Amino acid sequence: MEYYPVVVQALAGSDQTVYAYFSDGHIKQFDMKPLISKGGVFKPLKNESIFKGTLTVMNGTVAWDLSGKRDPSDCIDLDPFTIYESADVTDPLELIS
């Protein structure tokens, strides 16, 4: 059976990166800078407080709830397969002392 990646937790990192925690235990770091630099739907995420303050998990993937209404049809989200292809990283929460 093939694994369907499901994000269970998302954490904003520095420099427009996101840490995605998957249901199989993998932790991936995804660089959002290339998408944000293209503008379009990702343009609001250029603002650091929006990037960090609206980051959440919806529909089993990393999402930004810009409206604050937890409406899955009114958010910016990423394909979980795309994030899952990113490099595995050590849990950044373990580095906090």
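This report concerns the structure included in the present document.

## Topic: unusual backbone geometry
Line of reasoning, step 1. With phi around 55°, Asp15 is a residue other than glycine that occupies positive phi space.
Line of reasoning, step 2. The residue Asp15 is located in the loop between strand S1 (7–12) and strand S2 (17–22) in this model.
Line of reasoning, step 3. Residues other than glycine seldom take positive phi values, yet Gln16 does so here, at roughly 60°.

## Some details on the nonpolar core
Line of reasoning, step 1. Formed by 17 residues in total, the largest nonpolar core has its most connected members in Val18, Met32, Leu45, Val62, Trp64 and Leu78.
Line of reasoning, step 2. For this core, the element with the highest residue contribution is S2, accounting for three residues.
Line of reasoning, step 3. Not counting chain neighbours up to four residues away, the residues in contact with Trp64 comprise Val18, Met32, Leu45, Ile50, Phe51, Thr54, Leu55, Cys75, Ile76 and Leu78.

The rules behind these values
Residues numbered from 1 in each chain as written. Predicted model: local features only at pLDDT ≥ 70, side-chain atom pairs only at ≥ 80, totals over all residues. Heavy atoms only, no water. Helix = DSSP H or I, 4+ residues; strand = E, 2+ residues; numbered from the N terminus. Core = buried A, V, L, I, M, F, W, Y, C linked by side-chain atoms within 4.5 Å. Buried < 20%, exposed > 50% of the residue type's maximum accessible area, 1.4 Å probe, protein only. Contact = heavy atoms within 4.5 Å.

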